[in-house]
Amino acid sequence: MSTNYASKSVPRHLARGAVGFGLIIGSIALVPVAGPATLLAAPLALIAFRGCPTCWMVGLAQTVSRGRLERRCEDGVCTLTKASPGRAEPSVPGGP
């Protein structure tokens, strides 16, 4: 079973990435000013990323390709092909 990290839209996904990367960068950059306690903000980025920065990047690829590509599996062999024109966009289970 493949995991779906896609968002409902690219701008929403990019906003989640900005929040996640902002939390990581901000927490590290503020250590000299406010002390090591600022590092406690870094784990909050995991919520924005839905796991890790790599999960966020996979989700970005899924969000961009949604409706353009489809996976077909026959006899244990899966291929990635262009989606049929006029095909309805699949729903994103649990995707914000």
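Residues numbered from 1 in each chain as written. Predicted model: local features only at pLDDT ≥ 70, side-chain atom pairs only at ≥ 80, totals over all residues. Heavy atoms only, no water.

A.B. asks: Account for the overall build of the protein chain, naming residues and giving values.
C.D. replies: Within the protein chain, the regular secondary structure consists of four helices and two strands. Listed N to C, the secondary structure of the protein chain is α-α-α-α-β-β in terms of helices and strands. For the protein chain, with 96 residues in total, the buried portion stands at 22%. Pairs at least 24 apart in sequence give 54% of the contacts found in the protein chain among residues at least 6 apart. With the model as given, the accessible surface of the protein chain reaches about 6,600 Å², and the carbon-plus-sulfur share is 67%. (Helix = DSSP H or I, 4+ residues; strand = E, 2+ residues; numbered from the N terminus. Buried < 20%, exposed > 50% of the residue type's maximum accessible area, 1.4 Å probe, protein only. Contact = heavy atoms within 4.5 Å. Areas by Shrake-Rupley, 256 points an atom, 1.4 Å probe, with all protein chains shown as cover.)

A.B. asks: Residues and numbers for unusual backbone geometry, please.
C.D. replies: At Arg50, a residue that is not glycine, the phi angle is positive and equals roughly 60°. Mapped onto the fold, Arg50 is located in the loop between α3 (45–49) and α4 (53–65).

A.B. asks: Now, about the packing of aromatic side chains: what can you tell me, with residues and values included?
C.D. replies: Taken as a whole and assessed by the stated rule, the structure comprises three aromatic pairs. Centre to centre, the rings of Phe21 and Trp56 are 5.6 Å apart; their planes meet at 90°, and the pair counts as edge-to-face. Of the two residues, Phe21 is situated in helix α1 (residues 10–29) and Trp56 in helix α4; the sequence distance between them amounts to 35 residues. Phe21 sits in the partly exposed class, given a relative accessible area of 32%. Relative accessible area serves as the criterion here: at 9%, Trp56 is assigned to the buried category. Members of the aromatic cluster, each reached through a chain of ring pairs, are Phe21, Phe49 and Trp56. (Phe/Tyr/Trp six-rings, centres within 6.5 Å; stacked < 30°, edge-to-face > 60°.)

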